[in-house]
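Chain residues, written in single-letter form:
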Amino acid sequence: MSRNFRKILLSLATPLALIATLTIANPANAAQAIRLQYRTSAPGATTAQAEPWLQLFNDGTTTIPLNQVKIRYYLKGTETYRFACSWAVISCSTVTGHFVPQSADAQYLEIGFTAGQLAPGATTRDLQLRFYRADWQSFTQSDDPSYGPQTSYANWNKITVYVNGELAWGDPSGSDPDPDPDPTDPPGPGGVLFDDFTYTNSSDPRLAQRGWTVRGSSGGPGVPGATWSPSAITFPSGLLTLDSSTNGTNSGTVHTELSTANRKFFEGTYGARVRFADAPTSGPDGEHVVQTFFTITPLRFNLDPDYGELDFEYLPNGGWGEPSNILYTTSWETYQAEPWQAVNTHTDERASFAGWHDLVIQVSGGHIKYYVDGRLFADHSGIYYPETPQWIMFNQWFIDLQAATGTRTYRQQVDWVYHAKNEVVSPPGVLTRVNDLRAEGTAFRDTVPNP
């Protein structure tokens, strides 16, 4: 039967009676003996989502850093799945998961950790995990090598555990040529994009030559019937300047947007120096305006599993039910327009962010980390991690229109944009690289390969 979002969010069942202990593989290091127990909260042969619950035990004499541990759950087939952590005693924010293809119509889910330690005699306790097909369809799990129908914890050697790349527990299934692959970790530098926005105007031919599109087409988001105006985008003193305005009517509303033309940006680090504004440059204040820096994949159809969007959105006058200024960071899995259904997660802060800010997004290892002026603002993971390449965009638009007289214009500015493909760069490191590029007289560089 078809999967639905309520099934994504189903609470997990409580344990029942224990079953017999199974034989196990010898650990790679007796001083660092690790043991895994398994149960499931979705015991049916066919299911909308698999729900393996796990817990690790350290039966050895030395502490095990969890970032050295990989757990592998083996599956039949080549379908595309999505991983999520429902709840964990050690916090889902430290748990990662991705799927690794094997030969002979098989794959495995590899679960890792970004932090934590497992002391001798200690256990992680519950890791309540789940995964489901990207197309939301039910699937057969009874033939998966790691699956078991038991609903109570027991030692389980059909799921393997590796410590520092060495097998420490369980019996591997299928081909396993690489003892520690991690395809969601960046494989190394893959090119950079840097732009200092030294253009004459929105008609400057270098914009298109350098892979930028100034939007002039109609459509959402924002006020229906509004214009997206290239002429409202200027570059005074080398600053990308978006001037969005309204006279209180739909036809008299102007939105602005600059986007990369090629959708070639995926894992790695994104950065921009952005100036948000709380008040208009002219006219009465009070409009629900959205000022942004984000990446996005197009939605091909409702609930498209390959859709993705990573947003910084500042609302200086509130909106969407908020009464005053608020900054959102939002990570999207997918959505449906009619009737509206959003699958996303967000972190917000209700404060003024007027002025210049260094915004950084790191996309790596199953985590999306948002930084504001070097401060970690949000860390999102699970189903919200992007699956496909995206565009980089800046836009400014009105959610709705307020009752006011006269034209009012709001201004967002961008000093520079930077992207390092397949590389995690710290916020201070981004600033150092940008300053170095400027010091050598570089106004633009793009070595990120086109798709």
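It should be emphasised that the depicted structure is a prediction, and the values quoted were computed from it without experimental measurement.

## A closer look at the overall build of the protein chain
Next, step 1: When helices and strands are tallied, the protein chain shows three helices and 31 strands.
Next, step 2: Out of the 451 residues in the protein chain, the part that is buried amounts to 56%.
Next, step 3: For the protein chain, the accessible surface area stands at approximately 18000 Å², while carbon and sulfur atoms represent 51% of it.

## Some words on the packing of aromatic side chains
Next, step 1: For the coordinates displayed, the defined rule picks out 28 aromatic pairs.
Next, step 2: Look at tyrosine 38 and tyrosine 73: their rings are 6.5 Å apart centre to centre, the planes differ by 45°, and that puts the pair in the tilted class. Of the two residues, tyrosine 38 is situated in strand E1 (residues 34–40) and tyrosine 73 in strand E5 (residues 69–76); the sequence distance between them amounts to 35 residues. Here the two residues tyrosine 38 and tyrosine 73 agree in accessibility, since each one is buried.
Next, step 3: Seen in terms of ring centroids, tyrosine 38 and tryptophan 156 are 5.4 Å apart; in terms of plane orientation they differ by 25°. Their pairing is stacked. Pair noted here: tyrosine 38 is in strand E1 and tryptophan 156 is in the loop between strand E12 (154–155) and strand E13 (160–163), with a separation of 118 residues, a long-range link. Each member of the pair tyrosine 38 and tryptophan 156 is classed as buried.
Next, step 4: Here a set of aromatic residues connected by ring pairs shows up, and it is made of Phe197, Tyr199, Trp212, Phe235, Phe293, Phe312, Tyr370 and Phe394.

## Remarks on the pattern of salt bridges
Next, step 1: Counted according to the given criterion, the structure contains 21 salt bridges.
Next, step 2: We note a salt bridge from arginine 35 to aspartate 59, for which the minimum N-O separation is 2.7 Å. Of this pair, arginine 35 sits in strand E1 while aspartate 59 sits in the loop between strand E3 (52–58) and strand E4 (64–65), placing them 24 residues apart in sequence.
Next, step 3: Relative accessible area serves as the criterion here: at 18%, arginine 35 is assigned to the buried category.
Next, step 4: The class of aspartate 59 is partly exposed, set by a relative accessible area of 44%.
Next, step 5: A salt bridge links arginine 438 to aspartate 196; its shortest N-O distance comes to 2.6 Å.

## Side note on the side chain of lysine 264
Next, step 1: Turning to its location among the elements, lysine 264 is positioned in the loop between strand E20 (253–260) and strand E21 (268–276).
Next, step 2: There is a polar contact of 2.8 Å between the side chain of lysine 264 and the backbone oxygen of valine 448.
Next, step 3: When near neighbours in sequence (up to four residues on either side) are disregarded, lysine 264 contacts Pro389, Gln390, Lys421, Asp446, Val448, Pro449, Asn450 and Pro451.

## Digging into the sheet that holds strand E8 (residues 106–113)
Next, step 1: Spatial strand order, E7-E8-E5-E13-E14: five strands in an open sheet with antiparallel pairing. Of all strands in the sheet, those bounded by a partner on one side alone are strand E7 (95–102) and strand E14 (166–169). Across this sheet, the average inter-strand angle for adjacent strands is 30°, counted without regard to direction.
Next, step 2: Pairing geometry for E5 and E13, over four bridges, is antiparallel. In the strand pairing of E13, isoleucine 71 is matched with valine 161.

## Here we look at the pairing of E13
Consecutive side chains of a regular strand alternate in pointing toward one face of the sheet and then the other.
Next, step 1: Because side chains alternate across E13, one face comprises the buried residues Thr160 and Tyr162, and the other comprises Val161 and Val163, equally buried.
Next, step 2: Two elements, E13 and E14, share three bridges in a ladder whose sense is antiparallel. In the strand pairing of E14, tyrosine 162 is matched with leucine 167.
Next, step 3: Counting the residues that bridge the hairpin from E13 to E14 gives two residues, and of these asparagine 164 lies at a positive phi of roughly 55°.

## Description of the nonpolar core
The tendency in soluble globular proteins is for nonpolar side chains to be buried side by side.
Next, step 1: Of all hydrophobic cores here, the largest spans 36 residues; its most connected members are Phe197, Leu240, Phe293 and Phe394.
Next, step 2: Ranked by residues supplied to this core, first place goes to E21 with four residues.
Next, step 3: When sequence neighbours within four positions are dropped, the list of residues in contact with phenylalanine 197 reads Trp212, Phe235, Gly238, Leu239, Leu240, Leu258, Phe394, Val414, Asp415, Trp416 and Val417.
Next, step 4: Core analysis: the next-biggest nonpolar cluster, separate from the first, contains 34 residues, Ala50, Leu56, Tyr147 and Val161 among them.

## Observations concerning unusual backbone geometry
Most peptide bonds take the trans form, and the phi angle of most residues other than glycine is negative.
Next, step 1: In this model, glycine 220 is joined to proline 221 through a cis peptide bond whose omega is 5°.
Next, step 2: Among the structural elements, proline 221 can be located in the loop between strand E16 (212–214) and strand E17 (227–228).
Next, step 3: Cis geometry is adopted by the peptide bond preceding proline 339, which originates at glutamate 338 and carries an omega value of -15°.
Next, step 4: Mapped onto the secondary structure, proline 339 falls in the loop between strand E24 (326–336) and strand E25 (341–349).

## As for the sheet that holds E12
Next, step 1: Strand order in the open sheet formed by five strands is E6-E10-E3-E1-E12, and the pairing between neighbours is antiparallel. Each end of this open sheet is capped by a strand with a single partner; those strands are strand E6 (81–88) and E12.
Next, step 2: As defined by bridge partners, E1 adjoins E12 across two bridges and the pair is classed as antiparallel. If you follow glutamine 37 over to E12, its bridge partner there is asparagine 155.

## Points about the side chain of threonine 330
Next, step 1: Inspection of the secondary structure assignment puts threonine 330 in strand E24.
Next, step 2: Ignoring sequence-local partners within four residues, the contact set of threonine 330 consists of Glu309, Leu310, Asp311, Glu313, Asn344, Thr345, His346, Tyr370 and His380.

## Here we look at the confidence of the model for the protein chain
Next, step 1: Looking at the protein chain, pLDDT values average 89 and 90% of them are 70 or higher.
Next, step 2: When the criterion is pLDDT under 50, residues 1–28 qualifies, and its contacts beyond four places in sequence or with other chains add up to 61 contacts.
Next, step 3: pLDDT under 50 marks residues 177–187. Its contacts with residues more than four places away, or in other chains, come to 33 contacts.

Cut-offs and rules
- Residues numbered from 1 in each chain as written.
- Predicted model: local features only at pLDDT ≥ 70, side-chain atom pairs only at ≥ 80, totals over all residues.
- Heavy atoms only, no water.
- Helix = DSSP H or I, 4+ residues; strand = E, 2+ residues; numbered from the N terminus.
- Buried < 20%, exposed > 50% of the residue type's maximum accessible area, 1.4 Å probe, protein only.
- Areas by Shrake-Rupley, 256 points an atom, 1.4 Å probe, with all protein chains shown as cover.
- Phe/Tyr/Trp six-rings, centres within 6.5 Å; stacked < 30°, edge-to-face > 60°.
- Salt bridge = Lys/Arg side-chain N within 4 Å of Asp/Glu carboxyl O.
- Polar contact = N/O pair within 3.5 Å; in protein donor to acceptor, adjacent residues only side chain to side chain.
- Contact = heavy atoms within 4.5 Å.
- Pairing = 2+ DSSP bridges.
- Axes fitted to C-alpha atoms, helices over the stretch in contact; angles between N-to-C directions.
- Core = buried A, V, L, I, M, F, W, Y, C linked by side-chain atoms within 4.5 Å.
- pLDDT = per-residue confidence, 0-100.

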